[in-house]
Amino acid sequence: MVGNSAAGVSAIRSIRAYDGSGPITLVSEEPYPFYSRVLLTHYVAGRVPRERLFLVGEGFYRVHGVEVLLGVRVVGLDVYGRRLELSDGRVIPYDVLLVATGARPVLARPFSPAREGVMGLRFLGDAERLRRATAAGARVAVVGGGPAGIKLACALREAGGNPTLLVSSPHILSQVADDEAALLLESRLAAHGLRVRCGVEVREVAGGPHGVEGLVLSDGTCVACDLVVVCKGVEPRAELLAGKAEVRRGVVVDDRMRTSLPEVYAAGDVVECTDVAWGQGRVGAIWPHAVAQGKVAGANMAGVHLLFRGALARNSLDVFGLPFVSMGVTRVPPEPGWSSQVLRDGDAYLKLVFRGGRIVGAVLVGCAGLAGVIQAAIRRGDGAWQQRIAIAGIPAERAREVCQGGIPGAEGSGG
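Residues numbered from 1 in each chain as written. Predicted model: local features only at pLDDT ≥ 70, side-chain atom pairs only at ≥ 80, totals over all residues. Heavy atoms only, no water.

Next up on the list: the nonpolar core. Judged by nonpolar contacts, the single largest core of 51 residues is most densely connected at Met1, Leu77, Leu84, Leu97, Leu98, Leu241 and Met257. The element contributing the most residues to this core is helix 1 (residues 6-18), with six residues. Residue contacts for Leu97: discarding those within four places in its chain leaves Val2, Leu77, Leu84, Glu263, Val264, Tyr265 and Met301. Core analysis: the next-biggest nonpolar cluster, separate from the first, contains 44 residues, Val48, Ala153, Val229 and Phe324 among them. (Core = buried A, V, L, I, M, F, W, Y, C linked by side-chain atoms within 4.5 Å. Buried < 20%, exposed > 50% of the residue type's maximum accessible area, 1.4 Å probe, protein only. Helix = DSSP H or I, 4+ residues; strand = E, 2+ residues; numbered from the N terminus. Contact = heavy atoms within 4.5 Å.)

Here's what the structure looks like:
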């Protein structure tokens, strides 16, 4: 196995459920046991201590009979000889291989080539650096108005920092929410003193003798900062299989998580698989998908026929106490057969998206209690969801009821 996050560890558990003795070797470039990437922003905010990030200890690998090679990278794959070449010169043979290499932050121009003071947030080392910078009073600019950027900006603010969130789109969450939901969340950010600049592109990273000094924006202004965190999405780390297996945006897999290569599987953020809302291949980089895909891959690697039911794009976050969830298709395409329905009651906002009478997406602000029912309806792909809950006409008092509490089963980026 290559990769030690959600997909890889889930595959270990799945293999051992069916095969108690077959040798397993796991290779990971990070020097730590399995930890939660979802909790990294909580760690930055100071809500979670470092030790709580780790989801297993060294004993997990010992109990499951796994040889673990930490702090070493896979630099080559010999498909025909079925061997992995490692950065320390070792060569490891395999009978069946799982590639669970995850994804990396997208650092496009003007943030590339990489330079001191410009970073992403993907690994524990990144979170530790941000903690130190915030404690030292560093001025941090967060670039990107998607869920990852907003979560990080809120965490830095909660930790006592005063970050600036820079968004190229007219509103935050432009890829996963509509304008009305975005405005509700922007108001909450402003109420908590978080600076948000929308509709501006970063043209240049201004540096000096001590590293980054600011960002030059498309409107001619400059934002002073000591550290830049780029949250402009992630891309699958598919280079190990590039030129060998079928790779589009991610590694293409079937419903058993098999790649186009014999006895090579892939799972987690590195893969591209069918999205149930869109009905086509997409990369769905979230933690629950990685866990489910690892389970399916592990079972099939052990000789048990198990299928992945398809991905469903989901995002959730808590903006200073105001929960937001989106899933599936969130904006209605200008094509026949598409429609939407909206309910608004104070800070409670619900939008449902339909295609041919079938519910295929939703945006929820302040009413996250409905997320589970709507998600199940999208996955079922039927038109009988109205009989289970009258979403189409929630009265005001019901809307207020479902606003209570946080986000049940909150989800984040996978591994």
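And the narrative resumes.
Before going further, it helps to spend a moment on the sheet that holds strand 25 (residues 358-365). Consider a sheet: its strands pair through backbone hydrogen bonds, and that pairing is either parallel or antiparallel. One open sheet holds the five strands; their spatial order is 21-22-25-24-23, and the pairing between them is antiparallel. Across the chains shown, the open sheet's two edge strands, defined by having one partner strand only, are strand 21 (314-319) and strand 23 (338-345). Taken pair by pair, the neighbouring strands of this sheet meet at an average axis angle of 15°, ignoring direction. Across six bridges, strand 21 lies against strand 22 (residues 322-328) in antiparallel orientation. Each bridged residue has a counterpart across the sheet, and for Asn315 the counterpart in strand 22 is Ser326. (Pairing = 2+ DSSP bridges. Axes fitted to C-alpha atoms, helices over the stretch in contact; angles between N-to-C directions.)

The next subject is the side chain of Ser28. Within the secondary structure, Ser28 sits in strand 1 (residues 24-28). Classification of Ser28 by relative accessible area gives buried; the value is 8%.

Spatial strand order, 8-15-9-10-11: five strands in an open sheet with parallel pairing. Edge positions in the sheet fall to strand 8 (118-119) and strand 11 (195-198), since each of these pairs with one other strand and no more. Pairing analysis gives four bridges linking strand 10 (residues 164-167) to strand 11, with the strands arranged parallel. Within strand 11, the residue paired with Thr164 across the bridge is Arg195. Against the sheet, helix 4 (residues 124-135) contacts strand 8 and strand 15 (227-230), and its axis sits at roughly 145° relative to strand 15. Along the sheet, helix 5 (residues 147-158) makes contact with strand 9 (140-143), strand 10 and strand 15, crossing strand 9 at roughly 160°.

As a further point, take the packing of aromatic side chains. Following the criterion strictly, the structure yields five aromatic pairs and no others. On the basis of an interplanar angle of 85° and a centroid distance of 6.0 Å, the ring pair of Tyr32 and Tyr35 is categorised as edge-to-face. Each member of the pair, Tyr32 as well as Tyr35, carries the same accessibility label: buried. Through successive ring pairs, a cluster of aromatic residues spans Tyr32, Tyr35 and Phe54. Across from the ring centre of Tyr43, 4.3 Å away, lies the NZ or CZ of Arg131, which sits over that ring. (Phe/Tyr/Trp six-rings, centres within 6.5 Å; stacked < 30°, edge-to-face > 60°. Lys NZ or Arg CZ within 6 Å of the ring centre and 35° of its normal.)

Side-chain alternation along strand 4 (residues 83-86) places Leu84 and Leu86 on a buried face and Arg83 and Glu85 on a face that remains uncovered. Where strand 3 (residues 74-78) lies against strand 4, four bridges are found, and the strand directions are antiparallel. Looking at strand 4, one finds that Leu77 is bridged to Leu84. A loop of four residues connects strand 3 with strand 4, the two strands running antiparallel in sequence, and Arg82 in this loop sits at a positive phi of about 50°. Judged from the three bridges that link them, strand 4 and strand 5 (residues 91-93) form a sheet pairing that is antiparallel.

Turning our eyes to something else, we now look at the packing of helix 1 against helix 7 (residues 287-301). Interaxial distance between helix 1 and helix 7 falls to 7 Å at its minimum, and their mutual angle equals 35°. Read as a crossing pair, helix 1 and helix 7 show a hand that is right-handed. In contact with Ala6, Ala7, Ser10, Ala11, Ser14, Ile15 and Tyr18 of helix 1, helix 7 contributes Trp287, Ala290, Val291, Gly294, Lys295, Gly298, Ala299 and Met301. (Left-handed = near helix turned anticlockwise from the far one by under 90°.)

Our next topic: helix 8 (residues 371-380). Within the sequence span of helix 8, burial applies to Ala371, Ile374, Ala377 and Ile378. An end-on view of helix 8 places all buried positions within 130° of arc, on one side of the element. (Arc of directions from axis to C-beta.)

Taken as a whole and judged by the stated rule, the model has 18 salt bridges. For Arg237, the salt bridge is made with Glu29, and the minimal N-O distance between the two is 2.6 Å. With Arg237 in the loop between strand 16 (234-236) and strand 17 (251-252) and Glu29 in the loop between strand 1 and helix 2 (40-45), the pair connects residues that are 208 residues apart, well separated along the chain. The buried category is assigned to Arg237, whose relative accessible area is 16%. For Asp254, the salt bridge goes to Arg258, with nearest N and O atoms at 2.7 Å. Classification of Asp254 by relative accessible area gives partly exposed; the value is 26%. Judged by relative accessible area, which is 33%, Arg258 ranks as partly exposed. (Salt bridge = Lys/Arg side-chain N within 4 Å of Asp/Glu carboxyl O.)

On their own, these measurements won't tell you what the molecule is for.
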